[in-house]
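Descriptive analysis of the structure
Take a look at the letters that make up each chain.
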Amino acid sequence: MMAEQTVAERTITLEVFRYRPEQESEPTFQTYEIPYREDWVVLDALNYIKDSVDGSLTYRWSCRMGVCGSCGMMVNGVPKLTCSTFLKDYYPHPIRIEPLANFPVARDLAIVLDDFMAKLVHVRPWIIRRQEEPLEAGEYRQTPEELDRYKHFSMCINCMLCYAACPIYGLEPEFVGPAAIALAQRYNLDSRDQGGRERMGILSTHEGIWACTLVGECTTVCPAEVDPAGAIQQAKLASALGWLRRVLVPWGNK
Amino acid sequence: MVDVLRHDLLIIGGGAAGLRAATAAAQLHPRLNIAIVSKVYPMRSHTVSAEGGAGGVIKSNDSLDEHIQDTISGSDWLADQDAVELFVREAPAELLQLEHWGCPWSREPDGSVAVRPFGGMQKERTWFAADKTGFHLLHTLFQTSLQFSSIRRYDEWFATRLVVENGRCQGVVAIELRTGQIRLISAGAVILATGGAGRIFPFTTNGAICTGDGMALAYRAGVPLKDMEFVQYHPTGLPGTGILITEAARGEGGILVNKDGYRYLQDYGLGPPDPWPRLRAMELGPRDKLSQCFVYEMQKGRTIQGPYGDIVYLDVRHLGEKKINEKIPFVRELARKYVGIDPVHEPIPVRPVVHYMMGGVHTDAQGATPLPGLYAAGEAACVSINGANRLGSNSLSECLVFGARAGRAAAAFAREHPAADLAALEAQSRDEERRITTTVLRAEGTERVSTLRQEMQLAMESGCGIFRDEASLQETCNRLARARGRFMRLWLDDRSRVYNTELVAALELDFMLDAAEAVAYSALARTESRGSHQRTDHPQRDDARFLKHTLAYRTGGAPRVDYLDVAITRWPPAQRVYGG
Amino acid sequence: MRAYSRPTEFNWWLTNRTYFFFVVRELTSVLIAAYMVFLLVLLRRLAAGPEAYAAYLRFLGSPGMLLFHLAALAAALYHSITWFRLAPMAITLRVRGRRVPGATVVAANYAAWLVVSLVVAWIVLRS
Ligand SMILES: Cc1cc2nc3c(=O)[nH]c(=O)nc-3n(C[C@H](O)[C@H](O)[C@H](O)COP(=O)(O)OP(=O)(O)OC[C@H]3O[C@@H](n4cnc5c(N)ncnc54)[C@H](O)[C@@H]3O)c2cc1C
Ligand code: SF4
Ligand code: FES
């Protein structure tokens, strides 16, 4: 108990982006000085503010274990999951917290993610088959190697950090974007799927993979090691090879 | 008047149970107009955090009967055996359906689905996707659901009340969070798939959204809550945060040791320790027993004191780095991140943590509640297949099996009973809007949501934990009643409409107080010990009086507690034997 | 609901190292394109006869042009190096089921570059 008290005397400053559409037309920053705890993550600090200082602070969170994808914010300008970003990595300096970049702000730290939800549907992220096998036939066989081919693209938690890190998305909002393309690739590479051609038609467009100029920051910020930049480059390669094949062997294209 | 939102089938909840209900109904009736209301985007639902796996018989060395027996003895004979049979029979097809929809189940070298051992199971039958099973299951279901254009989603809408008219449930009132509008959504049938209520306790594996909303919604509509006293403690949570270290860590061979490095479970009828790993023994015993053993060890002074209470160690070092990375990579990631320990080199500090509600909305095997038009599935419901203690990995499968069943049954009901009494429903909706605005949003009291929430949680922990007795439970009931009184004098800092998360937290607290009350009073009334409900003043199981489900009905004051016989078919009550 | 859209700041590319490297890499293409133009002119002069070619070579020898070529060389180097650094993202190779580490992919790129440069040097310097 003693040890805890002396720790609690130390404080840390949070500069938090506020936007309350019913009260103001422009955002502001609000500064909170709160107790510093070695084992707190940024989300703990926000919860402290909400519970004890200012109940009107608005943000999303749920699992607090880095898997639900709801707590993404800009922490000192870098997109982070606040439930796995520790105060101790910034202390004693102040921390600036903003909503994820490149998205409209609904209120305070909560962004509007309609755009992503629409893009997710657009890339058809589900198994497409010419013929569905009956369940009685048992599972589709898939070796660990086949699983390995797409597994990391299936780890996406839809946290939107990659969109916040992507300058292309910031400048060209039509860009389908890293996570949606990675998820399309996840199905393209799944041995059970037969919808690759359909999906590539959607992806091989100006708003799709060709909008990407390989900044690579999406992969750097991704908390789930999805490597969306890799997914996009691989899709580009597949699309280019497909094009070549169609040009060189037009009759091979049934 | 704004136009009414009308659907045939309305599902509250976008977790495994809700999404499975929606897809089952959509597959069966392509023209049915289906809606999913969820207070978070579906892929944020707490199913996402399930780690270990989903149980279902698939291998040739296994049999349906063995899964049934394990489930029944795991439940300490409080499960309905007819429901368990249905469940075990249908689980494999459900898991295969997920496979066909693309779930990245872990595989054997020959390409067939791999299974792992789990606590209380005599055979390996837990399907897994490394140790992010719930995550993959949820995203597969969600992405699959996107192809059904008949499913309309209300993402980030918070249901506050069921509307009941003419003796049947015909929809809900919900807040659209981004605008703050309070709207009626009417439907021919409603399914509650709102998940658990772990947040009524301070230390839980459950995420912020697990606040028992659906249980309270049904309870307020006069539907009884069943077996609420059975709250599962998982033996291995990380101290401080309560983040779960999956049972798969033990399934793969991890051991639990006390401060002397001794595998203490052998002292409590779960041994002998070797050979290890061994099914249904030692660390692969059921969760209720393992959590109770921790308390015995603590009383003997053989646990280790840490800054967040006593701990023991979960040791997986002997598995080696390769196996850890392959089978339980998330365990390694979580331990490193949240307790600064690499399980490859050091044992993980753990303690029991509130994990799962065996109880819930009283339903039959079709998911139907006693209120016509109202169905429930998943953790919010109690069918019951879990009885007094759920076996690990049965819950995800339960969400699928009974989610699909409820989806089909509710769809059939909805096709025959469209929402009819719209004017009356609208009137209820306006009432509800008035209640929320005057008694919560603009309440003129002084009490903070967080203060009351903490008070409720501490009351639950101190009197309604792993071991309980009459005095402790009575004290909890009294404290809860006082907290309920204080809730009438609330004060919110946030009085705006748009995205008011403080309002949501207040309404969730309101729901949690109901769920907590049902837990505490049901526990007080059950004067025996069974499964996860351990009364130090009544340490024996008492089949003569309590081979029965508790039904708690809401009244103005303390709930009315009633009982219902357990369905026993082929497996007469016996002693639970593990180890050996 | 009035959502607030934050404007993109004109200096966004100065806020983060990766963005800066990226924008500079995009800009290097201007120099490289200019270099290509001079190269094309060179070909035309060669076709126009030895006189025109010699005059053009003199022009290329001027200090300004030397400076430009040095800058273009630097730009090309910068472009290649920053591009190679990203190569592991674009190329995922598997050898016997294991993913080839990024460093190996980068090294392979440099090796290929070296080989191509040596071949070019051999062709050019042979005469
Ligand atoms: C950490 C952890 C690990 C687990 N591991 C396993 C495991 O390995 N194997 C296993 O079988 N089980 C496991 N479980 C248990 C299992 O995950 C859950 O019981 C199950 O996922 C519950 O699913 P559900 O669909 O019932 O609810 P949830 O997934 O919790 O979904 C609830 C839904 O209801 C919505 N909702 C709730 N209230 C409202 C409201 N008022 N208005 C609108 N919408 C609302 C939410 O938005 C959400 O979409 C684990 C649980 C936890 C916490
Ligand atoms: S790809 Fe990574 S950063 Fe992008 S949404 Fe998915 S998990 Fe988040
Ligand atoms: S709260 Fe779920 S990812 Fe952070």
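The numbering scheme is per chain: residues are counted from 1 as the chain's sequence reads. Chain letters and ligand numbers both follow the written order, the letters beginning at A and the numbers at 1. pLDDT decides what is reported in this predicted model: residues at 70 or higher carry local features, side-chain atom pairs at 80 or more are listed and counted, and totals for whole chains, interfaces and linings draw on all residues regardless. Here the side-chain values reflect all heavy atoms present in the structure, with hydrogen atoms and water set aside.

1. Some points on the site of ligand 1
Residues and elements named next belong to chain B.
- Ligand 1 sits among 38 residues. The nearest are Ser38, Ser45, Thr47, Glu379 and Leu396.
- Polar contact is defined as a pair of N or O atoms within 3.5 Å, subject to the rule that within protein one atom must be able to donate a hydrogen and the other to accept it, and that residues adjacent in sequence are counted only when both atoms are side-chain atoms. One nitrogen or oxygen atom from the main chain of Ser393 is found 3.5 Å from an oxygen atom belonging to ligand 1.
- Ser395 places a side-chain nitrogen or oxygen 2.8 Å from an oxygen atom of ligand 1.
- Those elements giving two or more residues to the shell around ligand 1 turn out to be helix 1 (16-28), strand 2 (34-38), strand 7 (157-165), strand 15 (348-357) and helix 10 (394-416). For each residue, the test is whether any non-hydrogen atom lies within 4 Å of the molecule or strand; if one does, the residue is near. Per the convention used, a helix needs a DSSP run of H or I reaching at least four residues, while a strand needs a run of E reaching at least two, with both numbered from the N terminus.

2. Comments concerning the site of ligand 2
- Around ligand 2, 13 residues are found, and the nearest of them are A:Cys156, A:Cys159, A:Met160, A:Cys162 and A:Cys222.
- Of the residues assigned to the shell around ligand 2, the class counts are twelve nonpolar, one polar and no charged. Only Asp, Glu, Lys and Arg are considered charged in this grouping, and only Ala, Val, Leu, Ile, Met, Phe, Trp, Tyr, Cys and Pro are considered nonpolar; every other residue, Gly among them, is considered polar.

3. Concerning the domain arrangement of chain B
Residues and elements named next belong to chain B.
- Each assigned domain of chain B is listed with its residue range as follows: domain 1 (3-112 + 123-232 + 356-426), domain 2 (236-354) and domain 3 (428-547).
- For each domain, the first and last residues come from an automatic or database assignment. If you average the C-alpha positions of domain 1 and of domain 2, the two centres end up 30 Å apart.
- Any pair of residues with heavy atoms lying within 4.5 Å of one another is described as a contacting pair. Taken together, the contact pairs 22 residues of domain 1 with 27 residues of domain 2.
- Buried area between domain 1 and domain 2, summed over both chains or domains, comes out near 1900 Å², and the portion from carbon and sulfur atoms is 58%.
- On the domain 1 side of the contact with domain 2, Glu51, Asp131 and Phe203 bury the most area, a combined 37% of that side's loss.
- Throughout this description, the term salt bridge denotes a Lys or Arg side-chain nitrogen within 4 Å of a carboxyl oxygen of Asp or Glu. Here domain 1 and domain 2 share one salt bridge between them.
- One salt bridge in this structure joins Arg280 and Asp70, with 3.1 Å as the shortest N-O distance.
- At the boundary of domain 1 with domain 2, the tally comes to eleven residue pairs in polar contact (both at pLDDT 80 or more).
- Where the side of domain 1 that touches domain 2 is concerned, the elements lending two or more residues are helix 2 (64-74) and strand 11 (231-237). A quick way to say it: buried area is the sum, across both parts, of accessible area lost when two parts are put together, with a 1.4 Å probe.

4. What about the nonpolar core?
- Note on terminology: a nonpolar core comprises buried Ala, Val, Leu, Ile, Met, Phe, Trp, Tyr and Cys residues joined through side-chain atoms within 4.5 Å. For the exposure calls, accessible area comes from a 1.4 Å probe over protein chains only, and a residue counts as buried if that area is under 20% of its type's maximum, exposed if over 50%, partly exposed in between. Core analysis: the biggest nonpolar cluster contains 258 residues, and A:Leu14 and B:Leu9 have the highest contact counts within it.
- With 23 residues, the next largest nonpolar core counts B:Leu86, B:Val88, B:Ala365 and B:Phe402 among its residues.

5. So, the packing of aromatic side chains
Residues and elements named next belong to chain A.
- Aromatic rings from Phe, Tyr and Trp, taking only the six-membered ring of Trp, are treated as a pair when their centres fall within 6.5 Å; an angle between ring planes under 30 degrees marks them as stacked, one over 60 as edge-to-face, and anything in between as tilted. Across all of its chains, the model carries 27 aromatic pairs over all chains by this definition.
- Ring geometry for Phe103 versus Tyr169: centroids 5.7 Å apart, planes at 55°, classification tilted. With Phe103 in the loop between strand 5 (95-98) and strand 6 (105-107) and Tyr169 in helix 6 (residues 167-171), this residue pair connects regions lying 66 residues apart in the sequence. We note that Phe103, like Tyr169, is buried.

6. Notes on a nonpolar patch on the surface
- Patches were defined on residues exceeding 30% relative accessible area and lacking a salt bridge, with like-charge contacts within 9 Å and nonpolar side-chain contacts (Val, Leu, Ile, Met, Phe, Trp, Tyr) within 5 Å. The Shrake-Rupley method, run with a 1.4 Å probe, gives the accessible areas here. Residue values count only the displayed protein chains as cover. A contiguous nonpolar surface patch, about 870 Å² in accessible area, is contributed by A:Leu237, A:Leu241, A:Trp243, A:Leu244, A:Val247, A:Leu248, A:Val249 and A:Trp251.
- Among the structural elements, A:Leu237 can be located in helix 10 (residues 228-248).

7. A closer look at the pattern of salt bridges
- Following the criterion strictly, the structure yields 68 salt bridges over all chains and no others.
- It is possible to trace a salt-bridge network through shared partners that takes in B:Asp76, B:Asp227, B:Glu229, B:Asp288, B:Arg526, B:Glu528, B:Arg530, B:Arg541, B:Asp543 and B:Arg576.

8. A short note on the pairing of strand 14 (residues 309-315) of chain B
All names here are of chain B.
- Here strand 14 lies mainly inside the structure; five of its seven residues are buried.
- Here strand 12 (residues 255-257) runs beside strand 14; their pairing, made up of three bridges, is antiparallel. By the bridge assignment for strand 14, Ile255 is matched with Asp315.
- Two strands pair under a simple rule: DSSP has to find at least two bridges between them. Here strand 13 (residues 304-306) runs beside strand 14; their pairing, made up of three bridges, is antiparallel. Looking at the pairing, Gly306 lines up with Gly309 of strand 14.
- Connecting strand 13 to the next strand, strand 14, in antiparallel fashion are two residues.

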